[in-house]
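What follows is each chain in one-letter form.
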Protein chains: 2
Amino acid sequence: MSQPLIVSVDAMGGDHGPGIAIAAVDIALKKRPGVNARFLVHGDAAQLTPMLDKVSERARASIEIRHTDSEVRMTDKPSEAVRRARGSSMWNAIMAVRDGEASIAVSCGNTGALMAISKVVLRMKKGVHRPAIAASWPTVRGHTVVLDVGANVECGPAQLVEFAIMGEAFHRAVHGSTEPTVGLLNVGQEELKGNDTVREADRLVRAANLDLNYLGFVEGDDISLGRTDVVVTDGFSGNIALKTAEGTAKLVAAWMRESFTSSLLAKLGAAYMNAVGALDLLRDRMDPRKINAGVLLGLNGMVVKSHGGADEVGFATALCTGLDLAPSSFTSEIEKNLARLARTEAAEMEAEPQS
Amino acid sequence: MSQPLIVSVDAMGGDHGPGIAIAAVDIALKKRPGVNARFLVHGDAAQLTPMLDKVSERARASIEIRHTDSEVRMTDKPSEAVRRARGSSMWNAIMAVRDGEASIAVSCGNTGALMAISKVVLRMKKGVHRPAIAASWPTVRGHTVVLDVGANVECGPAQLVEFAIMGEAFHRAVHGSTEPTVGLLNVGQEELKGNDTVREADRLVRAANLDLNYLGFVEGDDISLGRTDVVVTDGFSGNIALKTAEGTAKLVAAWMRESFTSSLLAKLGAAYMNAVGALDLLRDRMDPRKINAGVLLGLNGMVVKSHGGADEVGFATALCTGLDLAPSSFTSEIEKNLARLARTEAAEMEAEPQS
């Protein structure tokens, strides 16, 4: 048997308590039946151990509980969290990646704290201002990687260029594309539109001659339509876009339920559609728990952020993302792209006369 | 018979040519059978007049074509547009509102030009930095007014407070609410989240003691869920949210079509659902053309912005919005709210010792 993929799990910090981590491992393994995986589950053993009785033999055998009674709370400010973090479940989960014990860490804890602790423990790649969180967004054509979706509420133009570089490498490594297209999120496609930051970022990407398949500005509706494979934006707009899409999907789902129960005849039809399985895929696609995972990019190591409000199904989605990414080469791909950017910048500085 | 509502229409500037304006009047009148309305249609008579033969007698009788061969182009920068605007269809349509000939103007021309010309012709209300564009967004609970959805890509905190005041008055006047709730769009509900602008705006709204039903920060998914009646944001994030919602609705519609045609049995079920009318309301609700109208707030007069890419059905939606708003009191309600803000500010300045 091949070497197992090892996923380090921060079981504390989510809204539903640590128990869901154990149940989530069980669900994730059922969704990835062929995968040889082990899970290092960090958290309070007194709460975690009894949960082992409720899961499959395969899940139980794959889990190693690593006790700690310290946890990072959802309400902690990032700076406080880092100060008090050493020895917490989040800290330990990320340390396992740094020490090479695990390939990837998964946590549903506080985003700000996860970013801050990941930076301290794993360090950022050379050339990265701050890490970004990338989300893989289902589209009409496949998957579009959107970043940043919430790590950096304010971003300068140079950061947006880094996001383009990291997102492009991530899409190649994770979604198997060869020349992913990249767009910059704006309020219009014309060059004179938008604010100074996006216009300057647009100029920088073009000037840097990065060998990126950069298509220019895209708009909000282009994300779900898959107009580009990567959509770059600051964490404020990216988070709003992501959550607006979630809310819209919930609204349409509510409208569908209303239509399907609007009359006796409609109910009969809906029951029939259910019986022939016509709604299974649709229901699965529209389940927000099935697209629950943000990936931290720009670090020397892989960290997946699950939604704090995730239940065991949602957390299982994040664990599956961890399993899928564990053998991936995206961090080294990002490094190659960053090195290319650095060479371009160096060449530009040489070419320009000193002022 | 009561006095007719008079709507001034800029027929030029849309992607589909001026002809759709005449067809749209016909559709709008069919959707508002009881309304006594007249339409002053500004544009090239040589293109508009032949279209009159294709519409109903009622539409024909309601239309007065006002010829001009000058138009504002979609590609004009706002500053250029204003310089060349006098006598254009857009200018004339808005002048009819200023001169009291019409209650409201509707245009599908260039947003920047429409803003700029409306400001010059109608002037802003006292206390408004810049007008905003408000969109009425369908939600699980009714309608949420989102502003700004694209007029001001960069906004200071004081502008966001004005948007709150204008949006609240608009919701009361247009959606008949008595104490509409107001939220400020952010990336999290906790006070320490977000950028400096939204945190300062949050502080200002609370400090100004405006008698607004202000609930604090809301997130992107709260819009479609209708958590507040009014959602305030800058034009960059607002435009991205609006278009992301459009894109998501289109994606879900594509998934539905795929599910409903995924097998012969599914197709039979879908045909049945169609036959019993179970999908009519859903289809209507998800038609993006049925939510096509932005309303300019903060001016001494009412102007409705239709999407530039609207066809006759989309443009008819904007005309219906015009007909619905024509008898509305939202501009005077906004004025009352602004006066309240001015009084609060004056009282604060008096109370504070000079530094």
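Throughout, a residue's number is its position along its own chain's written sequence, starting from 1. Written order determines the labels here, with chains lettered from A and ligands numbered from 1. This being a predicted model, a pLDDT of at least 70 is required before a residue's local features are given, and a value of 80 or more before pairs of side-chain atoms are given or counted; all residues contribute to the totals for chains, interfaces and linings. Calculation of side-chain values draws on the structure's entire complement of heavy atoms; hydrogens and water are dropped beforehand.

Naming follows an unreviewed UniProt entry, where chain A appears as Phosphate acyltransferase of Hyphobacterium vulgare. UniProt positions are given in the numbering used here, feature names are shortened, and annotations may be inferred rather than shown by experiment. As recorded by UniProt, the Sequence similarities (unreviewed entry) comment attached to chain A reads in full: "Belongs to the PlsX family." Under the UniProt heading Function (unreviewed entry), the entry covering chain A gives this text: "Catalyzes the reversible formation of acyl-phosphate (acyl-PO(4)) from acyl-[acyl-carrier-protein] (acyl-ACP). This enzyme utilizes acyl-ACP as fatty acyl donor, but not acyl-CoA."

All names here are of chain B. Side-chain alternation along strand β10 (residues 294–297) places Gly-294 and Leu-296 on one buried face and Val-295 and Leu-297 on a second face that is also buried. Bridge analysis of strand β5 (residues 132–138) against β10 gives 4 bridges, and the strand direction is antiparallel. Across the sheet, Ala-134 pairs through a bridge with Val-295, a residue of β10. Three exposure classes are used, based on accessible area relative to the maximum for each residue type with a 1.4 Å probe and protein chains only: buried under 20%, partly exposed in between, and exposed over 50%. Each helix is a run of DSSP H or I of at least 4 residues and each strand a run of E of at least 2, with the numbering of both proceeding from the N terminus. Whether two strands pair depends on DSSP finding at least two bridges between them.

Let us look at the pattern of salt bridges. When charged atoms on two side chains of opposite charge get close, those side chains can pair. Residues and elements named next belong to chain A. Only one rule defines a salt bridge in this text: a Lys or Arg side-chain nitrogen within 4 Å of an Asp or Glu carboxyl oxygen. Taken as a whole and judged by the stated rule, the model has 35 salt bridges over all chains. Asp-196 serves as the salt-bridge partner of Arg-199, at 2.9 Å between the closest nitrogen and oxygen. Here the residue Arg-199 and the residue Asp-196 both occupy positions in helix α8 (residues 196–208), the gap between them amounting to 3 residues, near one helical turn. The class of Arg-199 is partly exposed, set by a relative accessible area of 30%. One network of salt bridges, in which partners are shared, links Arg-38, Glu-64, Arg-66 and Glu-101.

Take the nonpolar core next. Phe-39, Leu-147, Val-232, Leu-297, Phe-315 and Leu-319 of chain A are the most contacted members of the largest nonpolar core, which totals 102 residues. If one sorts the elements of this core by residue count, helix α7 (residues 157–175) of chain A sits on top with 8 residues. By convention here, the domain bounds are inherited from an automatic or database domain assignment. Of the domains in this structure, domain 1 (1–128 + 298–327) and domain 2 (129–295) of chain A are the two that each give at least three residues to this core. As used in this record, nonpolar core signifies buried Ala, Val, Leu, Ile, Met, Phe, Trp, Tyr and Cys residues forming a set joined through side-chain atoms within 4.5 Å. Counting 101 residues, the second-largest nonpolar core is a separate cluster that includes Ala-21, Ile-94, Met-95 and Val-161 of chain B.

A word on the relation of the copies chain A and chain B. Once turned by 180 degrees and shifted 0.0 Å along the axis, chain A lies on chain B with an RMSD of 0.1 Å. Put plainly, the chains are arranged around a two-fold axis. Should any heavy atoms of two residues lie within 4.5 Å, those residues are considered in contact. A symmetric contact is evident, with 100% of the interface residues of chain A recurring at the interface of chain B. In this comparison the copies share one frame, found by least squares on the C-alpha atoms of residues holding pLDDT of at least 70 in both.

To continue, consider a nonpolar patch on the surface. Residues and elements named next belong to chain A. For patches, a residue must show more than 30% relative accessible area and have no salt bridge; joins then use 9 Å for like charges and 5 Å for nonpolar side chains, namely Val, Leu, Ile, Met, Phe, Trp and Tyr. Note on areas: Shrake-Rupley with a 1.4 Å probe; residue coverage comes only from the protein chains shown. A surface patch of nonpolar side chains, about 320 Å² in accessible area, is lined by Leu-264, Leu-265 and Leu-268. Mapped onto the elements, Leu-265 comes out in helix α11 (residues 264–275). In this structure Leu-265 comes out as partly exposed when scored by relative accessible area, which is 44%.

This part covers the interface of chain A and chain B. The interface is formed by 58 residues belonging to chain A together with 58 residues belonging to chain B. Buried area counts how much accessible surface, traced with a 1.4 Å probe, disappears from two parts once they are put together, with both parts' losses summed. With both chains or domains summed, chain A and chain B bury close to 5,000 Å², and 70% of this area falls on carbon and sulfur atoms. Sorting the residues of chain A by area buried against chain B places Phe-236, Trp-255 and Arg-285 of chain A first, and these three jointly supply 13% of that buried surface. The interface formed by chain A and chain B includes 4 salt bridges. With its nearest N and O atoms 2.3 Å apart, the salt bridge here joins Lys-243 of chain B to Glu-219 of chain A.

Let's shift gears to the domain arrangement of chain A. All names here are of chain A. Under the domain assignment used here, chain A contains domain 1 (1–128 + 298–327) and domain 2 (129–295). Of note, the centres of domain 1 and domain 2, computed from C-alpha atoms alone, are 25 Å apart. Contacts between domain 1 and domain 2 engage 23 residues on the former and 16 residues on the latter. The junction of domain 1 with domain 2 conceals about 1,600 Å² of combined surface from both sides, 64% of it contributed by carbon and sulfur atoms.

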